[in-house]
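Notes for the structure review
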Amino acid sequence: MRFGVISTAKIGREDVIPGIQKSDHTVAAISSRDADRARQVADDLGIESAYGDYETMFAEADIDAVYNPLPNGLHAEWSKTAADHGLHVLCEKPLTVDTAEAADLFEYCADQGVEVMEAFMYQFHPRTERAREIVNEELGEIHTVDASFKFPLDNPENIRLDPDLAGGSLMDVGCYAVSAARGFLGEPDRAFAHTRDSWDSGVDTNLAGVLSYDDGRVASVSCGFDGPDRDYYRVETDDGWLEAPNCFGPEHDQSVSLTYSVDGREVTETFDPVDHYELQVQAFADAVESGASPPLGREETLGNMRAIDALARSAERGEPVDVAGSE
């Protein structure tokens, strides 16, 4: 599969493009609003073609799919435009600004006969699959899940702080914590959250929330742009626990681990370095080429967006809200 990349964003240059190039697929074109910038990045990364306009790349480049890492508020618009040109879409998380827009994008792409998948690379790391396997097969009933993703932001001009582009810590990194919690517990029934805007930016820069379930299980999720790096999830069960540090963004050359305890017996498992961006691209492209649905499909994405929408709505209202009906 031949990919075209929208923009010269850092995540594309440093993570996804190298991941595609290590896979069985290629990056054939890149586009930017700055044609000189696109050409420079293309030369640096060995990409055949460069364009100074996104839609020109869609129309003229010899590509099969598009990788879209634009700001959140632009995901739906440019993913639809790519679909108009018959191109499959791998789009950065969160797929869109809310559940309704995500549902609309899936329907739009289906009507155009193309696939769209939300790019959640940590889902493809072997440790993620193994953690869920351990919890499902070796640990007892889950009581609580605690998941957090935070990092310090030091630039007031960062697009993550722009409300017009659907910025905020919940959308940027909180989506990972929500995804991790749902991966162990399934779809929550209610949400309750508090936020803080420490930059006076118009978006949340810190969020602490609870996703609760009718059977009594609870997930606590937190995210933010203040304070030191922090990302982990921990699962507590009636007979033990599991914890994974640095769970959402390990480097390609970095070994990672998880530790779990069952009835007092503690086990640590270590995983060799792996490029989860490469694995993500490979899984997406293999599915498209075989005619199968992408591994992260409509229901997974909409489930995550419903929980995100509910947390945001709760924080705005200052009270718990139901997750169902967020569409």
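What counts as what
- Residues numbered from 1 in each chain as written.
- Predicted model: local features only at pLDDT ≥ 70, side-chain atom pairs only at ≥ 80, totals over all residues.
- Heavy atoms only, no water.
- Pairing = 2+ DSSP bridges.
- Helix = DSSP H or I, 4+ residues; strand = E, 2+ residues; numbered from the N terminus.
- Contact = heavy atoms within 4.5 Å.
- Axes fitted to C-alpha atoms, helices over the stretch in contact; angles between N-to-C directions.
- Salt bridge = Lys/Arg side-chain N within 4 Å of Asp/Glu carboxyl O.
- Buried < 20%, exposed > 50% of the residue type's maximum accessible area, 1.4 Å probe, protein only.
- Left-handed = near helix turned anticlockwise from the far one by under 90°.
- Nonpolar A, V, L, I, M, F, W, Y, C, P; charged D, E, K, R; others polar.
- Expected span 1.5 Å × (residues − 1).
- Polar contact = N/O pair within 3.5 Å; in protein donor to acceptor, adjacent residues only side chain to side chain.

Here we come to the sheet that holds strand 13 (residues 256-262). Spatial ordering of the open sheet is given by 14-13-12-11-7-10-9-8-15, a layout of 9 strands whose pairing is mixed. Since the sheet does not close on itself, it has two edges, and those belong to strand 14 (265-271) and strand 15 (321-322), each with one partner. Note that strand 13 and strand 14 share 7 bridges and pair antiparallel. Bridge pairing in strand 14 links V256 to F271. The strands touched by helix 6 (residues 126-137) are strand 7 (142-150), strand 11 (230-237), strand 12 (240-245), strand 13 and strand 14; relative to strand 13, the strand with the most contacts, the crossing angle is about 5°. Across the face of the sheet, helix 9 (residues 298-317) comes into contact with strand 8 (190-196), strand 9 (206-212), strand 10 (218-224) and strand 15 while running at roughly 60° to strand 8.

Next up on the list: the environment of A59. Looking at the secondary structure, you find A59 in helix 3 (residues 54-60). A59 sits 215 residues away from V274 along the chain, and the two C-alpha atoms are 34 Å apart.

Attention shifts here to the pattern of salt bridges. Once the charged atoms of two side chains with opposite charge are near each other, the side chains can pair. Tallied over the full model, the rule gives 19 salt bridges. Between R298 and E107 there is a salt bridge, with its nearest N and O atoms 3.8 Å apart. Taken as a pair, R298 in helix 9 and E107 in helix 5 (residues 99-112) lie far apart in primary sequence, 191 residues in all. Residue classification places R298 among the partly exposed positions, given a relative accessible area of 31%. Within the structure, one salt-bridge network assembled from shared partners comprises R130, E133, E138 and E269.

Here we take up the packing of helix 6 against helix 7 (residues 169-185). Two quantities define a packed helix pair, namely the angle between the axes and the distance from one axis to the other. Interhelical geometry of helix 6 versus helix 7 gives an angle of 35° and a closest axis separation of 10 Å. In this structure, the crossing between helix 6 and helix 7 has a hand that is right-handed. Along the contact surface, helix 6 presents A131, R132 and V135, while helix 7 presents S179, G183 and F184. Across the contact of helix 6 with helix 7, the residue classes break down as 3 nonpolar, 2 polar and 1 charged.

Bringing helix 8 (residues 276-290) into the picture now. Along its 15 residues, helix 8 runs 21 Å from first to last C-alpha, staying within 8% of the 21 Å computed at 1.5 Å per residue. Buried within helix 8 are the following residues: H276, Y277, Q280, V281, Q282, F284, A285, A287 and V288. Of the surrounding elements, those touching the buried residues of helix 8 are strand 1 (2-6), helix 1 (10-22), strand 4 (65-68), strand 5 (88-92) and strand 6 (116-119). Sitting at the amino-terminal end of helix 8 is D275, which places a side-chain oxygen 2.9 Å from the backbone nitrogen of Y277. Residue G291 follows helix 8 closely and has a positive phi angle near 85°.

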